[in-house]
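Single-letter residue listing:
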Amino acid sequence: MEITSPAFKENAKRALRDPHLQQALSHVRHNFIDKRQKAVDGLAEFDALRDSATGIKNHTLAHLDLYLEAYEQKVTASGGHVHFAETAEEARDLILKICRDAGAKTVTKGKSMVAEEIGLNDHLEANGIEPVETDLGEYIIQIRHEPPSHIIAPAVHLTKDQVEQDFRRVHTNLPIDRDLTEPSALLGEARTILRRRFLAADVGITGANFLIAETGTSVIVTNEGNGDLTQILPRVHIVLAAIEKITPTLEDVSQILRVLARSATGQELSVYTTFSTGPRRPGDPDGPEQYHVVILDNGRSAMLGSQFQDMLRCIRCGACMNHCPVYHAIGGHAYGAVYPGPMGAVLTPQLVGIDKAGHLPNASTFCGRCESVCPMHIPLPNMMRHWREREYEKHLSPATVRYGIGFWAFFAKRPRLYQFATRWAMRALANRGFGRGRFKSLPLAGGWTKFRDFPAPEGKTFQQMWAERKKAA
Amino acid sequence: MSGRDAMLNRIRRSLGVAGNDAGRRAIVIARLEGTPKGVIPARGQLPRAERVELFRRMAEKVSASVADVPSADDLPQAVADFLRAHNLPAKVRMGADPFLAALPWSKTQIEVAHGASDGGDAVGVSHAVGGAAETGTLVLTSGADNPTTLNFLPETHIVAIGADDIAGDYETVFASLRARYGKGILPRTVNLITGPSRSADIEQTLLLGAHGPRRLHIVIVG
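Residue positions are given per chain, counting from 1 as you read along its sequence in written order. Chains and ligands are labelled by the order in which they are written, letters from A for the one and numbers from 1 for the other. Totals for whole chains, interfaces and linings use every residue, but because this is a predicted model, local features are given only for residues with pLDDT of at least 70 and side-chain atom pairs only at 80 or more, for both listing and counting.

Some thoughts on unusual backbone geometry
Residues and elements named next belong to chain B.
- Its identity is not glycine, yet Asn87 carries a phi of approximately 55 degrees, on the positive side.
- Secondary structure follows DSSP: runs of H or I at least 4 residues long count as helices, runs of E at least 2 residues long count as strands, and numbering of each begins at the N terminus. Relative to the helices and strands, Asn87 is located in the loop between helix H4 (75–85) and strand S2 (91–94).
- Its 6 C-beta neighbours within 10 Å are what place Asn87 among the exposed residues. Whether a residue is buried, exposed or partly exposed follows from its count of other C-beta atoms within 10 Å of its own C-beta, namely 20 or more, 12 or fewer, or something in between, respectively; the C-beta atoms are built from the backbone.

Thoughts on the pairing of strand S7 (residues 236–242) of chain A
All names here are of chain A.
- Of all the seven residues making up S7, seven are buried; the element is thus mostly covered by neighbouring parts of the structure.
- What you see with S7 is no split at all: Val236, Ile238, Leu240 and Ala242 on one side and His237, Val239 and Ala241 on the other are buried throughout.
- Paired strands, in this sense, are two strands between which DSSP finds at least two bridges. In this sheet, S7 lies alongside strand S4 (residues 203–206) in parallel orientation, the contact comprising four bridges. Counted as the bridge partner of Gly204 is His237 from S7.

Section: the packing of helix H4 (residues 64–77) of chain A against helix H2 (residues 22–34) of chain B
- Inter-axis angles, ranging from 0 to 180 degrees, are taken between N-to-C directions of lines fitted to C-alpha atoms, where helices are fitted over the stretch in contact. Packing of H4(A) against H2(B) leaves a shortest axis separation of 10 Å and a crossing angle of 50 degrees. Taken together, the axes of H4(A) and H2(B) lie oblique to each other. Once H4(A) is placed against H2(B), the crossing between them reads as right-handed. Between H4(A) and H2(B), the contacting residues are A:Leu66, A:Tyr67 and A:Ala70 on the first element and B:Arg24, B:Arg25, B:Val28 and B:Leu32 on the second.
- All residues other than Ala, Val, Leu, Ile, Met, Phe, Trp, Tyr, Cys, Pro, Asp, Glu, Lys and Arg, Gly among them, are scored as polar; the first ten of these are nonpolar and the last four charged. When its residues are assigned to classes, the contact of H4(A) with H2(B) shows five nonpolar, no polar and two charged. Oblique is the label for any angle not covered by the other classes, which are roughly parallel (under 35 degrees), roughly antiparallel (over 145) and roughly perpendicular (65 to 115). Definitions for this section: a left-handed crossing has its near helix turned counterclockwise from the far helix by less than a right angle. A right-handed crossing has that turn clockwise. Two residues qualify as being in contact provided that their C-beta atoms, derived from the backbone, are within 7 Å of each other.

Describing the environment of A:Pro379
Residues and elements named next belong to chain A.
- Mapped onto the elements of the fold, Pro379 is located in the loop between helix H18 (369–373) and helix H19 (380–393).
- Linking Pro379 and Met343, residues 36 residues apart in sequence, is a C-alpha distance of 10.0 Å.
- Setting aside residues no more than four positions away along its own chain, Pro379 makes contact with Asp310 and Glu371.

A short note on helix H1 (residues 8–16) of chain A
Residue and element names in this part refer to chain A.
- Along H1, the residues classified as buried are Phe8, Ala12 and Ala15. Viewed end-on, H1 has its buried residues packed into an arc of 60 degrees, placing them on one side of the element.
- Of the surrounding secondary structure, the elements contacted by the buried residues of H1 are helix H2 (19–41), helix H14 (325–330) and helix H17 (359–362). Arc definition: it is the arc formed by the directions from the helix axis to the C-beta atoms.

A word on the packing of helix H3 (residues 46–62) of chain A against helix H12 (residues 250–264) of chain A
Residue and element names in this part refer to chain A.
- The geometry of H3 relative to H12 is characterised by a closest axis approach of 9 Å and an angle of 125 degrees between their N-to-C directions. As judged from the angle between their axes, H3 and H12 are oblique. As H3 runs across H12, the sense of the crossing is left-handed. Counted together, Phe46, Leu49, Arg50, Ser52, Ala53 and Ile56 of H3 and Asp252, Gln255, Ile256, Arg258, Val259 and Arg262 of H12 form the full contact between these two elements.
- Of the residues assigned to the contact of H3 with H12, the class counts are six nonpolar, two polar and four charged.

Interpretation in functional terms is not warranted from these geometric data alone.
Structure below.
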C-alpha cells in the first residue's frame, strides 16, 4: 500500500468529518471492549496465562536463531520447503516464482497482515496472477481497492449499506432487485461467489499465527473457515510469516492460544485453529501436493537486542487498537500504514522509517490502555516514547515542537526563574479563567481550544502545593 | 551466503550470541524434548462425567448442537434423526474411519458415500480423535479415515466423539497425538474446531455459516 503516514494530520481531520466512518467506529468502541472483558473475567487464570505467554515469547526471541533452525529441519523432514526473505521484495519474488512454477492463474488468500506488509496482491496482479481475498472483510476491501483498517477486522470502517453498494457494483451478473438489506444476505452472496473461487484456485496463500519448531507446523486461527479452504483445496499451499511467529512446542502454542482469541474478539477460542505440517501424505485423499513457507525478516532482526525487542512478542490480537481512544476517533486508515493503532505506531517507524512515520508515535495521549490490555505485556507507550526521542535526536520534529521544548528547557534549567515564571503564569491564568474554570480560546493554543475547552489552573503550581503540604505535615 | 545463513547471522548479531554456543543449544533441545506445560485452567480438570458435561456446555455456547448415544451402534439412528429433524436429505459422506465403517448404517435410510468431498455434499460425517472440554473444542486429523475437506465443504458437519476421548485441556489432547504419531510428528492437518463457521466482518454482527459449515452437530458416544 501507499504509505500516507506523513499526512497523518490531514488524514485524521478527514476521518473526524466522515459520517460513515464515525458510524462504523461506534461499533468498535463497545463491542470489542465488552466482549474481551467478559472473556477475561470468565477465566481465573487469564493473568497467569499472560505472564506465561510473555515468558514463552521472551525465551523464544532469546534463542530465535536456534528455534528457526529446528523449525526448518522439521518442515524439510515432513516434505515441505522453507524460504528465507530478508526484504519485502525478496518475499514477493519468492512467492511469485512458486506461483509461476505451479502454472498458477488464480491464487486464493487467507487473511495475512504480512501479505499486506509486503504488498503481495499488487505484485501478483502486475505479473498476471489474480489474487482472491477470501476472508469476508478482506474480500470487501479488495473490491473497494482499500487497505485494511484493522488487523483482525479489516472492514470495520464500513457500514452495511456501503458493503451492499459495493456488492451491487461488482456482482453484476446477479438480479438487480435482490434483497441485500440483511447482513446475512451479504454474507450468503459472498459465500456463493467465493466457493467457486476456492474450488478453482491453483495456489492458496495463508499467513500463520504460529510456526512450531517442535513439529515444523504452521498454525492459522480463523472463524470463517476461509483459511482452511484456501490451504486444503489448491495444489500448492504457501505460508507467509515473519520470524517472530516461531514458537517452540505445542504446549507453548496452547498457552498463547488461551490469551489470543480472548484478547482479540472475546471468544474462548476461535472457531478454527488449524495445524498444517508439510504437503499431503501418501494415502491422503485431500490436501496440497506442495507446501512452502516463506519466512520474512523485513527489519525485525534489527529489533532484537534493541529497545524495541519487546514488540516482537506481538501476536496481532488487535486489543491495543480496540481500546485506543485515538483509534476510536479516527479509525485505522488515518495512520496511513499497514499496521494501525498503538502496535502500528511502534512497528511502522521500524518498517518505513521514523522520517515518514514520525506522527504515529506522537498520536497518543499515553493513557496506557493499550499496555494494560496487551496479552503479551508489551510496553507500547514506552516504545512510542523511544520513537519520539529518536525523532527529536534526528531533528525530525516540527520547528514549533523544537522551539517549544527549547523555550521550556531554558526555564527548566534555571529553577528559580522557572518557579517565578510558573507562579506568575498560573496566577494570571487562574484569575482570567476565574468563575468559569475553563477557557474557550487561548492565544497560541488554538489547536486545542478549537475542539475543546482548556481547563483553567487552580492558581498554584504543583511545587507550591507540594511545599505547603510538606509544611503542614 | 544463502538467505538462510544471512538471516541467522543477522539474528545472532543483534542478540549478541554465537550459533555454536553449547549452553544455548542445550536449553533449546531441553524445551523441544521436554515440552514443559505452562498454566492449565482448572475449569477442565474434572472427573469424567463432569468433564463431558463441560464439553457439552461449552460446545453449545458456541452454537454447536450436541446429542449423546449410549453405544456406537446407536450412532447411525441418531444421525438419521438429526437429518430428518432439519429437513436434510438422508445422504452423508464420510472417510474410511474404521470406527464409523463398523456401524450399522444399513439399518437406517441413510445413503453413505465415501472419500473426500468435492463441494457437492450437503452433509459430512467425521470421527474426532479427541476433544478439549475447556472450550468445547473438537480435534480432527487428516488422512483417508477422515478427509479434511469433509470438515469444511458440506453445509452440515456431524462429528462423532467417544466420551472417553474428551480431555480437560488442549495439552492432554496433544500428548495423545504424540503417543499416536510419534514425538515431534503430526499428521498433515490437525483441526481444532470450536462451533460452526462464523463472521462478524459486517458491522460486528455475528453471523453463522461464513465459508465453512453452517451447522455443527456433535454426537458423544458412550
